[in-house]
Amino acid sequence: MVRRNLLLTAALLPVFLTLAQQDISSLPKAVQEQIRAAQQKKKGRRPIVQKTQPDDAQGIWGNTVKEIAAKWGDDQGTVQQYRDFKSVLKIHEIDRYMTEVIHKPNDTFYEPVYDRCNLKYEYCAEMASKGLCLDPTGSAIGFMNKNCAPACQTCHLMSYETRCPFDSNNVGPHALEAGELNRFFEVMTQNKLLQDRFGPMTIYSMPGGADSGGPNDGPISAGPWILTYENFLSEAECNKLIHYGTTTARGFGASKIMQHEIDPNFDDASAFRTSTTNWCQHECYEDDDVVRIHKRIETLLRKRIFPQENYEYMQLLRYETGQLYKTHSDFIPVHLQRPYGPRVLTVYLYLNTVEEGGGTNFPFVGDGITIQPKMGKAVIWPSVLDENPLEVDTRTNHGALPVLKGRKYGSNVWVHLRDFKTAAQNCRYDDVHAS
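All values reported here derive from a predicted model rather than from experimental measurement.

What counts, and where the lines are drawn
Residues numbered from 1 in each chain as written. Predicted model: local features only at pLDDT ≥ 70, side-chain atom pairs only at ≥ 80, totals over all residues. Heavy atoms only, no water. Pairing = 2+ DSSP bridges. Helix = DSSP H or I, 4+ residues; strand = E, 2+ residues; numbered from the N terminus. Axes fitted to C-alpha atoms, helices over the stretch in contact; angles between N-to-C directions. Buried < 20%, exposed > 50% of the residue type's maximum accessible area, 1.4 Å probe, protein only. Contact = heavy atoms within 4.5 Å.

(A) Spotlight on the sheet that holds strand 7 (residues 325–328). Strand order in this open sheet of 4 strands is 7-13-10-11, and the pairing throughout is antiparallel. Two strands bound the open sheet, and with one partner strand each, they are strand 7 and strand 11 (369–371). Across the sheet, the axes of successive neighbouring strands diverge by a mean angle of 15°, strand direction being ignored. In terms of strand pairing, strand 7 meets strand 13 (residues 398–400) through 2 bridges, oriented antiparallel.

Written as structure tokens, this is what we have:
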């Protein structure tokens, strides 16, 4: 630890000397003395620093530094901190960065991060001054970039457009082009091997509809493709995913709501989606059973068209009695400006049979379609139009009806037009090192 602190001090020395060559008259007197001391040490002379004792609770730095820090979020609170030269120097660096770069006069480039880029933690300046913005172990970088961006000078990383620029002329291959979606589903539904392996298959809706072949051999609604495979997962696989949802990391937590989903006439956004969620990543994603499930989805969707790289990580869901998700689309408009493109397909997996309620409802297809949860069943539908895979198909807007009795477990697999996992990994916020 001592050796590391010495290395960090040595690393900061050039910063002090650079400041010493500039106009430092605006800095507190004690800071000026420390900068000059660093310059003298560089020249081999014994530093001469006036010994100043704090005469009040503010220490030698007074209220000025605290006020400067408070402009950009937390005032970096403990008074003892302001007796630490490196922390105080960092606070002045923060002020210059925020004033001259992020809030540069007549420049609105960073306007998208104005409300997000601030000091969210009491010890940001102190931790940044100790080198945690460039933590060689990588363990602190995510926290620092999210909570102490002004101290790490990484506000630009808080804007997705900046850290993950999208060039429409330089994107990977599309899984589907205009006019290919219907043909994709036609081939799927005519594949007897899929039906033998995962069926029986039921078509609830298809372009043009049909008089028979639907649920209970009744009519098929005219509309977008919506179909199910009754035995896509085994009971053991369902229980495995439930296990990971319950035990992995934070366990099931409150589901998030995308802003575009909210009906402006719907007052209580918190009641729009009341389920809890988790994500199948790391240990869950690498589990042998889960690996087999993903390969099975690749078989269903044809790997050469929709390889696993196009899938988001499985979202694991739990609905208690009374919980629901009101009608919404899986299509997220902002994804059009992302390297991976929009969600084009949803594969929803039911992980248990619900005692009552909890169906998946498509209110804009035919007279309304509701698919009841059954353990192991998979439901597949598109979120985009056949004639334009970049345009939402609002007919597949759907909702999770309230669970009336018991509990419901499920899993979403959202499939994108382009490679999702590579783009998402390259753009991960907490893996981006400070520059």
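Now, onward.
(B) Structural detail: the pairing of strand 12 (residues 378–382). Burial within strand 12 is extensive, with 5 of its 5 residues counted as buried. Burial along strand 12 is two-sided: Ala-378, Ile-380 and Pro-382 facing one way and Val-379 and Trp-381 facing the other are all buried. As defined by bridge partners, strand 3 (residues 226–229) adjoins strand 12 across 3 bridges and the pair is classed as antiparallel. The residue of strand 12 that forms the bridge with Leu-227 is Ile-380. Here 5 bridges tie strand 8 (residues 343–350) to strand 12, and the two strands are oriented antiparallel to one another. Bridge pairing in strand 12 places Tyr-348 opposite Val-379.

(C) View of the sheet that holds strand 4 (residues 253–254). Spatially, 9 strands are ordered 2-1-3-12-8-15-6-5-4 in an open sheet, and the strand pairing comes out mixed. Unpaired on one side and paired on the other, strand 2 (221–222) and strand 4 mark the two borders of the sheet. Pairing analysis gives 7 bridges linking strand 8 to strand 15 (residues 408–416), with the strands arranged antiparallel. Bridging across to strand 15, Leu-345 finds its partner in Val-415. Those strands touched by helix 13 (residues 288–301) are strand 3, strand 8, strand 12 and strand 15, and its axis lies near 125° from that of strand 8.

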